[in-house]
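# Architecture at a glance
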Amino acid sequence: MDEFVTLTYNGKEIMLPMVTGSEGEKAIDISSLRAETGFITLDPGYANTGSCLSSITFMDGEKGILRYRGIPVEQLAEHSTFKETVYLLINGRLPDRDELTQFSVMLNDNSLVHTDLKAFYQNYPRRAHPMGILSSMVNTLKAFYPTLETVEEEINITMTRLLAKVRTMAAMSYKISRGHEIVFPRADLTYCENFLNMMFDSPVKSYEMKREAVNALRVFWILHADHEQNCSTSAVRMVGSARVNLYAAISSGIAALWGPLHGGANQAVIEMLTNIQNDGGNCQKAVQRARDKNDPFRLMGFGHRVYKTYDPRAKIMKKMCDELLESMHITDPLLDTARELEEIALKDPYFVDHNLYPNIDFYSGIVLRAIGIPTNMFTVLFALGRLPGWIAQWRESTDDPHWKISRPRQIYTGSQKYDYVPIHAR
Ligand code: SDX
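To start, this report covers the structure provided alongside it. Here the structure is a predicted model, which is why all the values come from computation and not from measurement. Every chain begins its residue count from 1, and numbering advances along the sequence as written. Selection of residues for local features in this predicted model requires a pLDDT of at least 70, selection of side-chain atom pairs for listing and counting requires 80 or more, and totals for whole chains, interfaces and linings are taken over all residues. Hydrogens and waters are ignored; side-chain quantities use all the structure's heavy atoms.

### Considerations on helix 9 (residues 211–224)
A run of DSSP states H or I qualifies as a helix once it reaches four residues; a run of E qualifies as a strand once it reaches two. Both are numbered from the N-terminal end. A helix is expected to span 1.5 Å multiplied by its residue count minus one. The end-to-end C-alpha distance of helix 9 is 20 Å, a good match for the 20 Å that 14 residues give at a rise of 1.5 Å each. Only protein chains enter the accessibility calculation, which uses a 1.4 Å probe; a residue whose area is less than 20% of its type maximum is buried, one above 50% is exposed, and one in between is partly exposed. Counted residue by residue, helix 9 has 11 buried out of 14 residues, so it is predominantly covered. The set of residues buried in helix 9 consists of Ala213, Val214, Ala216, Leu217, Arg218, Val219, Phe220, Trp221, Ile222, Leu223 and His224.

This is the structure in structure tokens:
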């Protein structure tokens, strides 16, 4: 039975249909609102606004639930590979053995980049942030593949090229930033092994592939793979809605993710923990500052638009911190500071009242430090993890028979009409 809500205004009323999701979430479909009433809705930051119907990822912010295509992220982190999770997100189901093998071959066959791309990297200022470089280079990639993504075959090869090449490009930017020779991908290594090898192998010393590091990267990327309509995914959908090519849409997602309120938070957390340590390690003072409305300081890695409880990914990341550092015989004083900060914040009335808990970025930087990733590459690693989610979400929008260009409205609050005054009369 269809459900409706009644909107009553100025003595009139209209019925607006309700939409119910497969997990019981409810929304009011306002697509006829302006035509019927002349009104629009206003929702800065879209905290109460759904942009689409999607079958990719389900989140329950109150219960701390996250599932990719119905599978709990905890089970994927425990049992899956990143490549298999990529296939699941993009194709909507887990692959069988042959499909996974074929997918692997496709990724390996497309993992090299055109040698001319190297010149673009070499002309970047050495101190350029890797996220700015990655966003530009992904856009540049389109110049090497100018064919339109109009037919299924072209779309599939474009998605494969991005999944295969962006990982190579990320490692390239690191090597070139250090003035070192590029290390090429190898077909005999897994997706995660390849990235670590491209980052750290060198003619002087072969990279010692450690099982713990590979596993940590596998879990890190699975946990970051998708997260419904977050800022960067919404950017990919928004930019993609103009029918721009997928490279440009992904480039916009990388740019959005760079922000410290979003994916850039993992780098900001490490900088915050380091500053707290350098300032004498006073975690109580940091929590006080975070509560102070007159102080712009926020506890990076805390809070979330959707999760009003512990981010389920942060739980896994925190557990992995302990296991990884112990198995690699690493001690990281920042982990002690992070734990103390969490313990104080979770008992602080302000944080409790505001439902502020650690999010995925709070512990992820410590995991990346442990496997040797430089801090300014942390958000690049987030982008590599989120790439399949962006692609899956873009693909879902292009498959929508009612796919429209995204164009929100506004309420104007500027000057009312007045006539132009010539300069000599002002
Ligand atoms: C990611 O959306 C996603 O799914 C994102 C992500 C993904 O996988 O794609 O999960 C990845 O981006 C995680 C978030 C990473 N960012 C940070 O850790 C930065 C620190 N966090 C905050 O800036 C904030 O919590 C956000 C940006 C994450 C969420 O912001 P909202 O939902 O817009 O909330 P808000 O800024 O309106 O804050 C609500 C209240 C405010 O206080 P009041 O004015 O209502 O009294 O909570 C306070 C805020 O001041 N608050 C914080 C805080 N976060 C919110 N106070 C201190 N420290 C914080 N971290």
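### Some details on the site of the ligand
A molecule or strand has a residue near it when one of that residue's heavy atoms lies within 4 Å. Taken together, 24 residues form the shell around the ligand, and within it His227, His304, Arg305, Arg313 and Arg386 come nearest. Under the rule applied, a polar contact is a pair of N or O atoms within 3.5 Å (in protein, one hydrogen donor and one hydrogen acceptor; residues adjacent in sequence only if both atoms are side-chain atoms). Contacts to the ligand include lysine 293, whose side-chain N or O atom sits 3.1 Å from an oxygen atom. Using a 1.4 Å probe, accessible areas were evaluated by the Shrake-Rupley method; residue-level cover was limited to the displayed protein chains. Considered on its own, the ligand offers 1100 Å² of accessible surface; in the complex 77% of this is hidden by protein. Each residue is assigned to one class: nonpolar for Ala, Val, Leu, Ile, Met, Phe, Trp, Tyr, Cys and Pro, charged for Asp, Glu, Lys and Arg, and polar for all the others, Gly among them. Here the residues of the shell around the ligand sort into 10 nonpolar, 8 polar and 6 charged.

### Overview of the sheet that holds strand 1 (residues 4–9)
A pair of strands is treated as paired once DSSP finds two or more bridges between them. The sheet built from 3 strands is open, its strands ordered 1-2-3 with antiparallel pairing. Strand pairing shows two members of the sheet lacking a second neighbour, strand 1 and strand 3 (26–28), which therefore form its edges. Within the sheet, the average angular offset between the axes of one strand and its neighbour, ignoring direction, is 30 degrees. Sheet topology note: the strand 1/strand 2 (residues 12–20) ladder contains 6 bridges and is antiparallel. Its bridge partner being in strand 2, leucine 7 is matched across the sheet by isoleucine 14. Comment: axis = line fitted to C-alpha atoms, over the contacting stretch for helices; angle = value between 0 and 180 degrees taken between N-to-C directions.

Nothing here speaks to function; it is geometry throughout.
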